[in-house]
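# Summary of the model geometry
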Amino acid sequence: MEEQEAIDGLNRPERMASAIGQLPGYMRNDIAELVAEEQMPGSFGDLIKRSVELTATHQEYQGSNVVSMMGRHFTK
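All of these numbers come straight from a predicted model, not from anything done at the bench. (Residues numbered from 1 in each chain as written. Predicted model: local features only at pLDDT ≥ 70, side-chain atom pairs only at ≥ 80, totals over all residues. Heavy atoms only, no water.)

### Quick notes on the overall build of the protein
- The helix and strand inventory of the protein stands at four helices and zero strands.
- Once local pairs closer than 6 in sequence are excluded, the contacts in the protein between residues at least 24 apart make up 51%.
- Working note: accessible area of the protein is about 5800 Å², and carbon and sulfur atoms make up 55% of it. (Helix = DSSP H or I, 4+ residues; strand = E, 2+ residues; numbered from the N terminus. Contact = heavy atoms within 4.5 Å. Areas by Shrake-Rupley, 256 points an atom, 1.4 Å probe, with all protein chains shown as cover.)

The structure is reproduced here in structure tokens:
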């Protein structure tokens, strides 16, 4: 895999959400507070905000019969 492909892969909200989802709840809350305001489209803050939103969406479905596309790491 080329270095640029690896960097591009990290710029996906799903990947970032997976990493954020593995953090303790208080850290996820701190990150969510940091990006709660409007973010510039395409910025790192925007990526983090979209990732946090994906994490929150996943948490809503936990314990239901809906299959999450986020991966098993979120259920820890």
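### Description of the pattern of salt bridges
- According to the stated counting rule, one finds one salt bridge in the structure shown.
- Across the pair arginine 50 and aspartate 46 runs a salt bridge whose closest N-O atoms are separated by 3.4 Å. Of this pair, arginine 50 and aspartate 46 both sit in helix 4 (residues 44-61), four residues apart, which is roughly one turn of the helix. (Salt bridge = Lys/Arg side-chain N within 4 Å of Asp/Glu carboxyl O.)

### What about the nonpolar core?
- Counting six residues, the largest nonpolar core is built from Met16, Ile20, Val35, Leu47, Ile48 and Val52.
- For this core, the secondary-structure elements that each account for two or more residues are helix 2 (13-21) and helix 4.
- For this core, the leading source of residues is helix 4, giving three residues.
- Once residues lying within four places of it in the same chain are set aside, the contact partners of valine 52 are Ile20, Ile31, Ala32 and Val35. (Core = buried A, V, L, I, M, F, W, Y, C linked by side-chain atoms within 4.5 Å. Buried < 20%, exposed > 50% of the residue type's maximum accessible area, 1.4 Å probe, protein only.)

### Here we look at the environment of isoleucine 48
- Assignment of secondary structure puts isoleucine 48 in helix 4.
- Relative accessible area serves as the criterion here: at 11%, isoleucine 48 is assigned to the buried category.
- The sequence separation of isoleucine 48 and alanine 32 amounts to 16 residues, and the corresponding C-alpha distance is 8.3 Å.
- Excluding residues that lie within four positions of it along the chain, isoleucine 48 makes contacts with Met16, Ile20, Ile31 and Val35.

### Observations concerning the side chain of glutamine 39
- Mapped onto the elements of the fold, glutamine 39 is located in the loop between helix 3 (25-34) and helix 4.
- If we skip the residues at most four places from it in the chain, glutamine 39 touches Leu34, Gly45, Asp46 and Lys49.

### A few points about the confidence of the model for the protein
- Within the protein, residue pLDDT values average 75, and 61% of them lie at 70 or more.
- Mean pLDDT per element in the protein: helix 1 (residues 3-10) is the minimum at 62, and helix 3 is the maximum at 90.
- Contacts from residues 72-76, a stretch scored under 50 in pLDDT, to residues over four places away or in other chains number nine contacts. (pLDDT = per-residue confidence, 0-100.)

### With respect to the environment of alanine 19
- With respect to the element layout, alanine 19 can be found in helix 2.
- Relative accessible area serves as the criterion here: at 43%, alanine 19 is assigned to the partly exposed category.
- Separated by 32 residues in the primary sequence, alanine 19 and serine 51 have C-alpha atoms spaced 9.2 Å apart.

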